[in-house]
Amino acid sequence: EAGVAQSPRYKIIEKRQSVAFWCNPISGHATLYWYQQILGQGPKLLIQFQNNGVVDDSQLPKDRFSAERLKGVDSTLKIQPAKLEDSAVYLCASSPSGYTGAFFGQGTRLTVV
Amino acid sequence: AQRVTQPEKLLSVFKGAPVELKCNYSYSGSPELFWYVQYSRQRLQLLLRHISRESIKGFTADLNKGETSFHLKKPFAQEEDSAMYYCALSYNAGNMLTFGGGTRLMVKP
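Everything numeric in this text was worked out from a predicted model, so none of it was measured.

## Structural notes on the packing of aromatic side chains
Phase 1: Applying the stated criterion across every chain yields a total of 12 aromatic pairs over all chains.
Phase 2: Look at F104 of chain A and Y36 of chain B: their rings are 5.6 Å apart centre to centre, the planes differ by 85°, and that puts the pair in the edge-to-face class. Separated into two different chains, F104 of chain A in strand β10 (residues 103-104) and Y36 of chain B in strand β5 (residues 32-38) make up a pair that spans both. Across the pair, Y36 of chain B and F104 of chain A agree in class, each one buried.
Phase 3: Considering the side-chain rings of F34 of chain B and Y36 of chain B, the 6.2 Å spacing of their centres and the 45° angle between planes classify their relative orientation as tilted.
Phase 4: Note on F34 of chain B: relative accessible area 0%, which makes it buried.

## A look at the sheet that holds strand β8 (residues 72-74) of chain B
Residues and elements named next belong to chain B.
Phase 1: Spatially, the 3 strands line up as an open sheet ordered β3-β8-β7, and their pairing is antiparallel. The strands lining the two open edges of the sheet, one partner per strand, are β3 (19-21) and β7 (60-61).
Phase 2: With 2 bridges joining them, β7 and β8 adopt antiparallel strand pairing. Of the residues in β8, the one forming a bridge with T60 is K73.

## Some thoughts on the state of the cysteines
Phase 1: Under the defined criterion, the tally for this structure stands at 2 disulfides over all chains.
Phase 2: Linked covalently through their sulfurs, C23 of chain A and C92 of chain A form a disulfide whose S-S length is 1.9 Å. Taking the torsion about the sulfur-sulfur bond, which here is approximately -70°, the covalent link between C23 of chain A and C92 of chain A counts as left-handed. Here C92 of chain A lies in strand β9 (residues 88-95) and C23 of chain A lies in strand β3 (residues 19-24), a separation of 69 residues in the sequence. The exposure classification of C23 of chain A matches that of C92 of chain A, with both residues buried.
Phase 3: Here C23 of chain B engages in a disulfide with C87 of chain B; their sulfurs sit 2.0 Å apart. Torsion about the S-S bond of the C23 of chain B and C87 of chain B cystine: about -65°, corresponding to left-handed handedness. You can see C23 of chain B sitting in the loop between β3 and β4 (24-26) and its partner C87 of chain B sitting in strand β9 (residues 83-91), a full 64 residues away along the chain.
Phase 4: Using a relative accessible area of 0% as the deciding quantity, one classes C87 of chain B as buried.

## Considering the interface of chain B and chain A
Phase 1: Taken together, the contact pairs 20 residues of chain B with 21 residues of chain A.
Phase 2: Interface area, chain B with chain A, both sides summed: about 1600 Å², of which 44% is carbon and sulfur.
Phase 3: If you sort the residues of chain B by the area they bury against chain A, R43, N95 and M96 of chain B come out on top, with a joint share of 36%.
Phase 4: At the boundary of chain B and chain A, one finds 0 salt bridges.
Phase 5: Between chain B and chain A we count 9 residue pairs in polar contact (both at pLDDT 80 or more) in total.
Phase 6: Of all the elements in the fold, those that place two or more residues in the side of chain B that touches chain A are β5, β6 (45-49), β9 and β10 (96-99) of chain B.
Phase 7: Considered class by class, the residues forming the side of chain B that touches chain A number 9 nonpolar, 6 polar and 5 charged.

What counts as what
- Residues numbered from 1 in each chain as written.
- Chains lettered and ligands numbered in written order.
- Predicted model: local features only at pLDDT ≥ 70, side-chain atom pairs only at ≥ 80, totals over all residues.
- Heavy atoms only, no water.
- Phe/Tyr/Trp six-rings, centres within 6.5 Å; stacked < 30°, edge-to-face > 60°.
- Helix = DSSP H or I, 4+ residues; strand = E, 2+ residues; numbered from the N terminus.
- Buried < 20%, exposed > 50% of the residue type's maximum accessible area, 1.4 Å probe, protein only.
- Pairing = 2+ DSSP bridges.
- Disulfide = S-S within 2.5 Å.
- Contact = heavy atoms within 4.5 Å.
- Buried area = accessible area lost by both parts, 1.4 Å probe.
- Salt bridge = Lys/Arg side-chain N within 4 Å of Asp/Glu carboxyl O.
- Polar contact = N/O pair within 3.5 Å; in protein donor to acceptor, adjacent residues only side chain to side chain.
- Nonpolar A, V, L, I, M, F, W, Y, C, P; charged D, E, K, R; others polar.

Structure below.
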């Protein structure tokens, strides 16, 4: 089966610019996650969707980050405006209902200069 | 709040030597623990989960609730085991994962 797809793979932007990442989960997976992985650290959950509703976004910096999952399938994560400390790999993951654990995409490496 | 700690950033062993990657957790509820692995230039993937009590690629991990640990073990390391290993805990029954900081395993020939 096809895995979680993310694009772009790499992005370099200047601080205060905006950026968006896209994720297509595994077909049929109801749950979708966005994680942020800063260099040298483990992934940190930013937001979790169940179908097109938000389950948890307590660690999402809502003053600059936003995410949506229209129609309960694809999702986009946006940062506006970006800061230097947002430089990280942004991982999308999905899982089917009732399954604990997650399947990860390749990630998008963001560099803010 | 839940927390996962992997005390070693780097673990270097020779091929054929035993390996133990340490993982400790803190969580007031009933935890579900996982080990994820990331090989070079590949995506993060599930290695094993404690509820399955299975051995994957020769690796095993036992949940010790008394010591709040979930160490990953393999009796004889292979060069292809070289990778980043992350311990993770699922909490809140909502399948949210908290990850440890990761341990890089290097298996030398």
